[in-house]
Amino acid sequence: MRAEQRHRPVLPKLVANSKEEEPVAEAKPYEVPKRLVWEAYKRVKANRGAAGVDGQTLADFEKDLESNLYKVWNRMSSGSYFPPPVRLVEIPKGGGGMRPLGIPTVGDRIAQTVVKMVLEPLVEPHFHEDSYGYRPGRSAHDALGTARQRCWRADWVIDLDIKGFFDNLDHDLVLKAVAHHTDNPWVRLYIDRWLRAAMEMQDGTRIERTRGTPQGGVISPLLANLFMHYAFDAWMARIFPRVRFERYADDAVVHCVSEARAGYVLEAIRKRLADCGLELHPDKTKIVYCKDDDRPGEYEHISFNFLGYTFQPRRARNRHGEFFVSFLPAMSTKAAKVVRKTIREWRMASTRNNQSLEDLAKLANPVVWGWTNYYGRFYRSKCILVLRHLDRALVAWACRKFRRFRRRERAATHWLGCVARRDPNLFAHWQLGVLPAAGAGGAG
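What you see is a predicted model, and the numbers here were worked out from it, not measured in a lab.

Here is what the cut-offs are and how they apply
Starting afresh in each chain, residues are numbered from 1 along the sequence in its written order. In view of the model being predicted, local features appear only for residues whose pLDDT reaches at least 70, and side-chain atom pairs are presented and counted only at 80 or more, with totals across whole chains, interfaces and linings using the full set of residues. Neither water nor hydrogens contribute to the side-chain values; these are computed over all heavy atoms in the structure. Paired strands, as defined in this entry, are two strands with at least two bridges between them according to DSSP. Starting at the N terminus, helices and strands are each numbered in turn, a helix being any DSSP run of H or I of at least four residues and a strand any DSSP run of E of at least two. An axis is simply a line fitted to the C-alpha atoms; with a helix, the fit covers only the stretch in contact. Between two such axes, the angle follows the N-to-C directions and lies from 0 to 180 degrees. Here, nonpolar core refers to any group of buried Ala, Val, Leu, Ile, Met, Phe, Trp, Tyr and Cys residues whose side-chain atoms link them within 4.5 Å. Under the scheme applied here, a residue whose accessible area is under 20% of the maximum for its type counts as buried, over 50% as exposed, and between as partly exposed, the area being computed with a 1.4 Å probe on protein chains only. By the convention used here, residues are in contact when the closest approach between their heavy atoms is within 4.5 Å.

Engineer: Teacher, can you tell me more about the sheet that holds strand β11 (residues 323-331) here?
Structural biologist: Strands in a sheet are paired, the pairing made by backbone hydrogen bonds, and the direction either parallel or antiparallel. Here three strands make up an open sheet; going across it, the order is β9-β10-β11 and the pairing antiparallel. The open sheet has two edge strands with one neighbour each: β9 (304-306) and β11. Across this sheet, the average inter-strand angle for adjacent strands is 50°, counted without regard to direction. The pairing of strand β10 (residues 309-317) with β11 spans nine bridges and is antiparallel.

Engineer: Explain the sheet that holds strand β6 (residues 245-248) here, please?
Structural biologist: The strand order across the open sheet formed by four strands is β6-β7-β3-β8, and the pairing between neighbours is antiparallel. Edge positions in the sheet fall to β6 and β8 (286-289), since each has one partner strand and no second. Neighbour to neighbour, the strand axes of the sheet diverge by 20° on average, direction disregarded. Here strand β3 (residues 156-161) runs beside β8; their pairing, made up of four bridges, is antiparallel. Note that in β8 the partner of W156 across the bridge is Y289.

Engineer: How should the nonpolar core be read in this particular structure?
Structural biologist: Burial of nonpolar side chains together is a common tendency in soluble globular proteins. M76, I110, V254 and I269 are the most contacted members of the largest nonpolar core, which totals 66 residues. Counting residues per element, this core draws most heavily on helix α11 (residues 220-239), at 10 residues. In this view, V254 contacts W156, V157, I158, L160, F232, M236, V243, R244, F245, V265 and I269; residues no more than four positions away in its chain are not counted. Of all hydrophobic cores here, the second largest spans 54 residues; its members include Y132, Y309, W415 and L426.

Engineer: I would appreciate a short explanation of unusual backbone geometry in the present structure.
Structural biologist: Residues apart from glycine generally show negative phi values, whereas peptide bonds are mostly found in trans. Even without being a glycine, Y134 presents a positive backbone phi close to 55°. For Y134, the position within the fold is in the loop between α7 (106-123) and α8 (140-153). Even without glycine at this site, R347 takes up a positive phi of about 50°. Residue placement: R347 occurs in the loop between α13 (333-345) and α14 (348-351).

Below is the structure:
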């Protein structure tokens, strides 16, 4: 309630249509609605995020919220808004290496959200039905579910991997695509400025950009989708109308009925993307055979990764209870390594033996719920198998915390199993029925 009272005075200044403000509004070359700036701020606040190059956090921005929001609106509507450099942050990739992220300032995130709120309704209706990334009402699970069904129908898949996608977007092509959907001068002006905004390295040096759009920007996913709509989606629909695909940002799989057809389509895609300034990764792009009981044979590639899942031949059970081999997605090996690494980093046994089991549950549950909600959607048994690692960490914690379990891992396992059956809602993965064994051979 106090937060609402503190922010309420902002609305009159941003939204009011008083006579005193009318002459100022008329003098502005661009009509940027004040209400839009306020709505953009609320979205940025909900998404939180780190500070940009100016070091200003969202809490700092809100200390003088009315003035700061007015500055964003005033500069955007006057044409004098120039985005500050984005702060470079590198995060580890799942397969090794580092992924560069560009973090805009709080004010810049609000300005980008304003433009996104204007542009997105104009382009969204034109996007392809098989484009899933960063779109309202669509999710990675939707793309995975569609890919699973199509892998059952078509024998071959092209696993596409674009090399340095966000770093290599052609600015002129992006601006051409934007201009195709809007003649709004300030939307086009600020998108051009964001594309060319400098990147500030960790040592303070600044790099001017002539290509690409920084991952981490609010407007970047929409611009990337718009680029790929014309570079890939619409082109595929025009040149190969009977070839189905699923695309999530720069990650895509294409389904083909034969190996020869897959090879032909792949070469056409390679040339098309090269014409648009993009390159397929020579090692990660491959043609995959969707092998199962009805599709035998030996081929070089019989698995591929898509959105944190690995598609490959797996044992399944039909409605009659009989086992067979099907081509199915399950939690990938890379994702499983990240989960196990995260659990190890909690260091339950070595640094948390002064805490209670309830304390450990508060630490783990928010993260575990995220894992189970995402990786437990398809072939849940693989996700459950990986989460057993958490139970082993809890057993190690018990062995360090309780003297009666020293060098008695089996007894600690039995004790943890009894706790799980007594309180199955304590840990998130226990609520899925993933309970540690409570066999004989230990003290309760």
